[in-house]
Amino acid sequence: MHIGMIGGIGPAATDFYYRKLIGAASALKKDLELTIVHADTSTLLANLIGNNEAAQCAIYAKLTDRLAAAGAQNVVVTSIAGHFCIDRFEEISALPVIDLTSVLSSWLQEMGARTVGILGTETVMSSGMYGKLAPVDVLAPKDNSLQNVHEAYITLARSGQPTDALRKVFLEAGKALISDGAEAVLLGGTDLNAIMDAETSPFPIVDCASIHIEEIARFI
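(A) Spotlight on a nonpolar patch on the surface. On the surface, Tyr18, Ile22 and Ile36 cluster together into a nonpolar patch covering about 250 Å² of accessible area. Mapping Ile36 onto the fold places it in strand S2 (residues 34–38).

(B) Layout of the sheet that holds strand S3 (residues 74–77). With parallel pairing, three strands are arranged side by side in an open sheet as S2-S1-S3. The open sheet has two edge strands with one neighbour each: S2 and S3. Strand-to-strand twist of the sheet, defined as the mean angle between neighbouring strand axes without regard to direction, takes the value 25°. Pairing geometry for strand S1 (residues 3–7) and S2, over five bridges, is parallel. In the sheet register, Gly7 faces S2, and the bridge partner there is His38. Each of S1, S2 and S3 is contacted by helix H1 (residues 11–28), which is oriented at about 155° to S1, the strand it contacts most.

(C) Local environment of the environment of Thr190. As for its placement among the helices and strands, Thr190 is situated in the loop between strand S6 (185–187) and strand S7 (205–206). When the C-alpha positions of Thr190 and Cys208 are compared, they lie 7.5 Å apart, and in sequence the two are 18 residues distant. Beyond its immediate chain neighbours, meaning those up to four positions away, Thr190 contacts Ala13, Phe16, Tyr17, Thr78, Ser79, Ile80, Tyr153 and Ala209. Separated by 2.9 Å, the side chain of Thr190 and the backbone oxygen of Thr78 make a polar contact.

(D) Spatial organisation of the packing of helix H2 (residues 41–49) against helix H7 (residues 143–159). It is at 10 Å that the axes of H2 and H7 come closest, and there the two elements cross at 150°. Considering their axes alone, H2 and H7 lie roughly antiparallel with respect to each other. The segment H2 lies against H7, with Thr41, Ser42 and Leu45 engaging Ile154, Ala157 and Arg158. Residue composition of the contact of H2 with H7, grouped by class: three nonpolar, two polar and one charged.

(E) Focus on unusual backbone geometry. Look at the link from Ile9 to Gly10: it is a cis peptide, with omega at -5°. Assignment of secondary structure puts Gly10 in the loop between S1 and H1. For the peptide bond that leads from Ala134 to Pro135, omega is 15°, which places it in the cis range. Take Pro135: it is sitting in the loop between helix H6 (122–126) and strand S5 (137–139). A positive phi angle, near 55°, is found at Lys29, a position not held by glycine. Relative to the helices and strands, Lys29 is located in the loop between H1 and S2. Note on Lys29: relative accessible area 75%, which makes it exposed. Located in the positive-phi region is Tyr130, a residue other than glycine, with phi close to 60°. Mapped onto the elements of the fold, Tyr130 is located in the loop between H6 and S5.

About the cut-offs
- Residues numbered from 1 in each chain as written.
- Predicted model: local features only at pLDDT ≥ 70, side-chain atom pairs only at ≥ 80, totals over all residues.
- Heavy atoms only, no water.
- Patch = residues over 30% accessible without salt bridge, like charges linked within 9 Å, V, L, I, M, F, W, Y side chains within 5 Å.
- Areas by Shrake-Rupley, 256 points an atom, 1.4 Å probe, with all protein chains shown as cover.
- Salt bridge = Lys/Arg side-chain N within 4 Å of Asp/Glu carboxyl O.
- Helix = DSSP H or I, 4+ residues; strand = E, 2+ residues; numbered from the N terminus.
- Pairing = 2+ DSSP bridges.
- Axes fitted to C-alpha atoms, helices over the stretch in contact; angles between N-to-C directions.
- Contact = heavy atoms within 4.5 Å.
- Polar contact = N/O pair within 3.5 Å; in protein donor to acceptor, adjacent residues only side chain to side chain.
- Parallel < 35°, antiparallel > 145°, perpendicular 65-115°, else oblique.
- Nonpolar A, V, L, I, M, F, W, Y, C, P; charged D, E, K, R; others polar.
- Buried < 20%, exposed > 50% of the residue type's maximum accessible area, 1.4 Å probe, protein only.

Okay, here's the thing in structure tokens:
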């Protein structure tokens, strides 16, 4: 199946999805049929902060039409922050949408998760992944930590460059979430994969993007 990918939001996230899908296709001994279109990070973040679902959906719809014209048979948004309008986008998309939030919700329930923490943008954290993960409880960082994580994540998403200072912000917030009762911490922003991984993290993490990619790979 020809996969359509809305990338660019941000560059590290696009690269992560692209490399993982190449690896999945290789493991399956299949040719990867993939077309990537570019969405602007700054525009997405402005629409996210302003909760302007209509504007972002219009961008997605235009890009999806381009993917459909290229032969894509479904569409994927590579940004978790970019899923803030995913339900509305699914209603107008020219192609079936492989929705990360639905895939993640099913996965958490299958794993028997009860309480998880989350790191990402302020909207993703405050809404508990847009309220899409019930009945699993989602804990967000508290007080100043919430804003610190948000600002660190925006810096990472725009630059695609991990630094020790950014890593420290995420690690401290994650440890606090575990202390508050989280069984694991969701990487609620795709760009976090550039700075954290299960092998080196001092606390359990859930790699949301990789769970999404596993579902996409089934269509290969």
